[in-house]
Amino acid sequence: MERPDIERLIARDAPMDRIAHGLTFGEGPLWSAREKCFYWVDIVGDTIWRWKPGRGCEVFIRPSNKANGLTFDRKGRLLVAGWSSRTVWRVEHDGSITTLAARYEGKKINSPNDIVVKSDGAIYFTDSPGALYNVGMQAEDLQQYLPFQGVFRISPDGKQLSLVIEDFVYPNGLAFAPDEKALYVNDSRLNVIRAFDVTAGGSVGAPRLFHKLEGSEEGVADGMKVDTQGNVYCTGPGGVHVIDPAGKRVGRIKFPDHCTNMAWGDDDWRSLYVTTRTSVYRTRVKIPGVPVVTEGGA
Amino acid sequence: MKWQFERVAGPFQGPTGGLAWEGETLLFSVINEGKILRYDPRSGAVTEFRRYTNRTNGIALGKHGGLYGCQEGSRRIIEFRPDGSTAPTAWLLDGRYHNFPNNLCVDRGGRIWFSDPHSQVRASGPQIFPQLDHASVLRLERDERHAWKIKRVTCDTAAPRAVLLSPDERTLYVAEGDTGRDGPRELRAYPVRDDGSVGAYAVLHTFGSDHRGAHRGIEGMCLDSEGNIVACAGWKKSGVGPSIYVISASGTILETHPAPADMPMRCAFGDAGLDSLYLTTGEGHLYRAQGTGRRGSR
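Residues numbered from 1 in each chain as written. Chains lettered and ligands numbered in written order. Predicted model: local features only at pLDDT ≥ 70, side-chain atom pairs only at ≥ 80, totals over all residues. Heavy atoms only, no water.

Looking at the overall build of chain A
Counting its regular elements, chain A contains 1 helix and 26 strands. The C-alpha atoms of chain A give 17 Å as radius of gyration, which agrees with the globular expectation for 298 residues (19 Å, within 12%). Principal-axis analysis of the C-alpha atoms places the extent of chain A at approximately 50 × 45 × 40 Å. Put simply, chain A has 298 residues, and 63% of those count as buried. Long-range contacts, defined as pairs at least 24 residues apart, comprise 47% of the intrachain contacts of chain A with a sequence gap of at least 6. (Helix = DSSP H or I, 4+ residues; strand = E, 2+ residues; numbered from the N terminus. Rg over C-alpha atoms; globule rule 2.2 N^0.38 Å. Buried < 20%, exposed > 50% of the residue type's maximum accessible area, 1.4 Å probe, protein only. Contact = heavy atoms within 4.5 Å.)

Structure below.
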C-alpha cells in the first residue's frame, strides 16, 4: 500500500487472515454465495478444497486431474478449468462430471487455466500450455497440438466452442468489466493486461494495452478480478496490483507469499480471498467486487 | 583416414543436440527452437518431426516405435509416441523432482539410463521444486505394475553428461565433468552388476587444462560395430580444439578427427551402410562425414 490513493479501496489496517496453509500451489479461488463457503484448488496437490467460515477446510474433489481456475455457471454448477485433463468440465448438482470443451477443430486444447462466465451464460477461458511444460503439473498427454495459446468461448448452451483471441504468449487471468463491455485478459510472460471490446455476439474486437505490470519482486500477472467500480485487481510482482478503470495503477496490496489468484466473497462481496502458492488469505476492501451470480440470487 | 564433414542442415537457432538414426532417416533435436527435425539422406530434405518439445536434448529410440527424450525445460524424460502424443514417464526420485536430464540410452530390456546434471537454466513454471543435492546417472524402469519408476545408478558423479552402454551392457560409460565447474572431465567405465547397480569405475580418458582454461570433455558418444566409443568433445577455447575420438573399450585412443565446428554436441552413425557419422554442434548445424571406415552398431 504505497500510495494513499489505495486507501480509497482498502484500509491501511485491513485484516489479513490466513484461512488455509500447507498447499503446494494454491489457485482457483471462488466464493459460493449459495453455500456461503469458499472454494479453491491446490494444483500440484491435485485437490479442490472448500472452506466454511466457522467450520474449516475439507476436501471437495481429490484427485482433481489438477484442476485450476474455478467459477460457477448461472445455474450454480461448478465449472473447472481442467489443467491436466486439458478440458473444461462441470460438476453437476448430483456430483457427476460433464466435459464441456476438450478439442478445437479436432485438436486437443492446451491446458485451461482460468475461467469466467458472462451474464448471458457464455463461458470464457484462457488456454495456456502450462500443464504441458511446468514441472509438477503434468498432464497425461504433454503434446501441444494447437499452434497458439488463446482464449476460448463456450456458447451459453454449452455446444459451441469458438476461438476468441489467439495472439497470447501465456494467457492467464481474465475478467469482465462491470458492464461487460470489455474483457480484460492478462499474459503471464509479458506481464501485461490487455482489454478487448466485447461484441453482442460474444466475440471481441481489437486489443488495446490496458496496463503493464511493474515491479522487481517475485510475482507475475496471474489471477485477475474486477470490482463494481471497474478497478482491476491483478496479481503481479510483490502482491496484488490495483489498477483504475483508466489503466493507471492505484497501488499494491502486499502479501507474505507469491500470490496466484483472488476472488470476491462473503455476503457483501467486500472480502478479498487471495490464493498464494502455499496459503489462502482473506482481507476486507471498501468497494464490493463483481459478484459471481447464480440463479436464485448472488 | 581423414573424415570429410559436410553440412547437411542448419544453422538453426541455438545448438543442435540429440540424434537418433531411425533406419532410413535421422532425427535430431534443435533444443532452443523446441523442435525435433528429421533429415532424409536420400532427398536431403529436413522436415518437422515434433514441435513444442520444451528444450528436449538427448533422444533415443525405444521399443514400440516411441522416441524418448530428455526434456530439459520440464526436468523429465518423455516419450514421443507414434500417434503424435507425448507421454511422461516418471519424474520423482524417492519423492523428489530430479534435475535436468541431458543424455540417455535405452538397454535391451527397455530401461532408460540417463544423466541428470544440475543446470542454471530455469525449468518451466513456478520454481517450486529445488534441484537434488546430487547429480547422478539415473535409470527409469518398469515396476511390477508396469509403472515407470526411477532408480539412482551412480553415487560418485557431480556433473554427468554423456551416457552409453557397451554392446554386452555389462559396462556403463559415463562422461563426467563440465567446464563450468571444478572437478575432472573424464570418461569413466562402470561395471554393471547383475542387479543393475554399478561397481567402481575405471577412467578411460582424462581431459586436462592449459593456460586458456579447462579442456571441454565429452558431450556425446555412440558405439561402433566393434564396440569402440565414438565421442565428440573439446572446444576452440582451449586444448586441441573440437574433436571426435574413437576410443577402444580399454581406453586406447584409436583415432582423432577435428570436428568441423565448435562445441560438438552429439554423434551417431547413419545412412544405408551405417558408415556415415552425423554430428550436431553448439553452432546449430547438422554435419555428416561419409565413408568413415567404421560402422555403427545394430
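Observations regarding the pattern of salt bridges
A complete count under the given rule lists 38 salt bridges over all chains for this structure. Note that Arg 42 of chain B is salt-bridged to Asp 40 of chain B, the shortest N-O span being 3.2 Å. Asp 40 of chain B gets classed as buried once you look at its relative accessible area, which sits at 16%. Each of the salt bridges in this network shares a partner with another, and the network as a whole consists of Asp 73, Arg 77, Arg 90 and Glu 92 of chain A. (Salt bridge = Lys/Arg side-chain N within 4 Å of Asp/Glu carboxyl O.)

Some details on the environment of Gly 95 of chain A
Residues and elements named next belong to chain A. Take Gly 95: it is sitting in the loop between strand 8 (87–91) and strand 9 (97–101). Among the residues examined, Gly 95 registers a relative accessible area of 46% and is labelled partly exposed. Taking the C-alpha atoms as reference points, Gly 95 and Arg 277, separated by 182 residues in sequence, lie 28 Å from one another.

Overview of the interface of chain A and chain B
In many analyses, interface size is given as the accessible surface area lost on bringing the parts together. Chain A puts 21 residues into the contact, and the matching count from chain B is 25 residues. Inspection of the region where chain A meets chain B yields 0 salt bridges. On the surface where chain A and chain B come into contact, there are 9 residue pairs in polar contact (both at pLDDT 80 or more). A per-class count over the side of chain A that touches chain B returns 12 nonpolar, 6 polar and 3 charged. (Polar contact = N/O pair within 3.5 Å; in protein donor to acceptor, adjacent residues only side chain to side chain. Nonpolar A, V, L, I, M, F, W, Y, C, P; charged D, E, K, R; others polar.)

Topic: the confidence of the model for chain B
In the predicted model, chain B carries a mean pLDDT of 97, and 100% of its residues have values of at least 70. With a pTM of 0.94, the predicted complex shows an ipTM of 0.92. (pLDDT = per-residue confidence, 0-100.)

So, the nonpolar core
Residues Phe 38, Trp 40, Tyr 233, Val 240, Ile 253 and Leu 272 of chain A are the most contacted members of the largest nonpolar core, which totals 31 residues. Looking at this core, the elements with two or more residues in it are strand 1 (17–20), strand 3 (37–42), strand 4 (47–52), strand 22 (239–243), strand 23 (249–254), strand 24 (259–265), strand 25 (271–276) and strand 26 (280–284) of chain A. The leading source of residues in this core is strand 24 of chain A, at 4 residues. Core analysis: the second largest hydrophobic core is formed by 29 residues, Val 44 and Trp 83 of chain A together with Phe 100 and Phe 129 of chain B among them. (Core = buried A, V, L, I, M, F, W, Y, C linked by side-chain atoms within 4.5 Å.)

A short note on the pairing of strand 23 of chain A
Residue and element names in this part refer to chain A. Most of strand 23 sits out of view: 5 of its 6 residues are buried. Pairing between strand 22 and strand 23: 5 bridges, direction antiparallel. Its bridge partner being in strand 23, Val 240 is matched across the sheet by Ile 253. In this antiparallel pair of consecutive strands, strand 22 and strand 23, the connection spans 5 residues, and Gly 247 shows a positive phi of 95°. (Pairing = 2+ DSSP bridges.)

Observations concerning the environment of Thr 99 of chain A
Residues and elements named next belong to chain A. Examined against the element boundaries, Thr 99 turns out to sit in strand 9. Thr 99 sits 62 residues away from Cys 37 along the chain, and the two C-alpha atoms are 24 Å apart. Apart from residues lying up to four places away in sequence, Thr 99 is in contact with Thr 87, Val 88 and Trp 89.

Overview of the sheet that holds strand 9 of chain A
All names here are of chain A. One open sheet accounts for 4 strands, arranged 6-7-8-9; its pairing is antiparallel. This sheet does not close on itself; its edge strands, each paired only once, are strand 6 (67–72) and strand 9. Averaged over all pairs of adjacent strands, the angle between strand axes in this sheet comes to 30°, irrespective of strand direction. Where strand 6 meets strand 7 (residues 78–82), 4 bridges bridge the pair, whose relative direction is antiparallel. Its bridge partner lying in strand 7, Ala 67 is registered against Gly 82. (Axes fitted to C-alpha atoms, helices over the stretch in contact; angles between N-to-C directions.)

Topic: the side chain of Asn 261 of chain A
Residue and element names in this part refer to chain A. Along the polypeptide, Asn 261 turns up in strand 24. A residue is classified by how much of its surface remains accessible, and Asn 261, at 1% relative accessible area, is buried. If we ignore the near neighbours within four places in the chain, the residues touching Asn 261 are Glu 27, Gly 28, Pro 29, Asp 114, Gly 223, Met 224, Lys 225, Thr 235, Tyr 273, Val 274 and Thr 275.

Let's talk about the side chain of Arg 86 of chain A
By the secondary structure assignment, Arg 86 of chain A is in the loop between strand 7 and strand 8. A distance of 2.9 Å separates a polar side-chain atom of Arg 86 of chain A from the backbone oxygen of Ile 109 of chain A.

Quick look at the sheet that holds strand 7 (residues 67–71) of chain B
Residue and element names in this part refer to chain B. If you walk across this open sheet you meet the 4 strands as 6-7-8-9, and the pairing is antiparallel. Lying at the two open borders of the sheet, with one neighbouring strand each, are strand 6 (56–61) and strand 9 (86–88). Mean inter-strand twist for the sheet, computed between neighbouring axes without regard to direction, equals 30°. For strand 6 and strand 7, the ladder comprises 4 bridges, and the chain directions are antiparallel. Residue pairing in the sheet places Leu 61 in a bridge with Leu 67 of strand 7.

With respect to unusual backbone geometry
The amide bond that connects Arg 62 of chain A to the next residue, Pro 63 of chain A, takes the cis arrangement and shows omega of 0°. For Pro 63 of chain A, the location among the structural elements is in the loop between strand 5 (56–61) and strand 6. The peptide bond linking Gly 10 of chain B to Pro 11 of chain B adopts the cis configuration, its omega dihedral lying at 10°. Following the sequence through the fold, Pro 11 of chain B ends up in the loop between strand 1 (5–9) and strand 2 (16–21). One non-glycine residue, Trp 269 of chain A, lies in the positive phi region at around 55°. With respect to the helices, strands and loops of the structure, Trp 269 of chain A is situated in the loop between strand 24 and strand 25. Here Trp 269 of chain A falls in the buried class, since its relative accessible area comes to 7%. Phi at Asp 94 of chain B is positive, roughly 50°, even though this residue is not glycine. Overall, the relative accessible area of 74% leaves Asp 94 of chain B in the exposed class.

Points about the pairing of strand 8 (residues 76–80) of chain B
Residue and element names in this part refer to chain B. Here strand 8 lies mainly inside the structure; 5 of its 5 residues are buried. Connecting strand 7 to the antiparallel partner strand 8 that follows it, the hairpin turn spans 4 residues, and Arg 75 within it adopts a positive phi of roughly 55°. If you look at the hairpin formed by strand 8 and strand 9, you'll find 5 residues sitting between the two strands, and Gly 84 has a positive phi there, around 95°.

Considerations on the packing of aromatic side chains
The final tally for this structure, using the stated rule, is 25 aromatic pairs over all chains. With 5.6 Å between their ring centres and 20° between their planes, Trp 31 of chain A and Tyr 273 of chain A make a pair best called stacked. Here Trp 31 of chain A is found in strand 2 (residues 26–32), whereas its partner Tyr 273 of chain A is found in strand 25, with 242 residues between them in sequence. A cation over a ring is seen here: Arg 50 of chain B above Phe 49 of chain B, with NZ or CZ 5.3 Å from the ring centre. (Phe/Tyr/Trp six-rings, centres within 6.5 Å; stacked < 30°, edge-to-face > 60°. Lys NZ or Arg CZ within 6 Å of the ring centre and 35° of its normal.)

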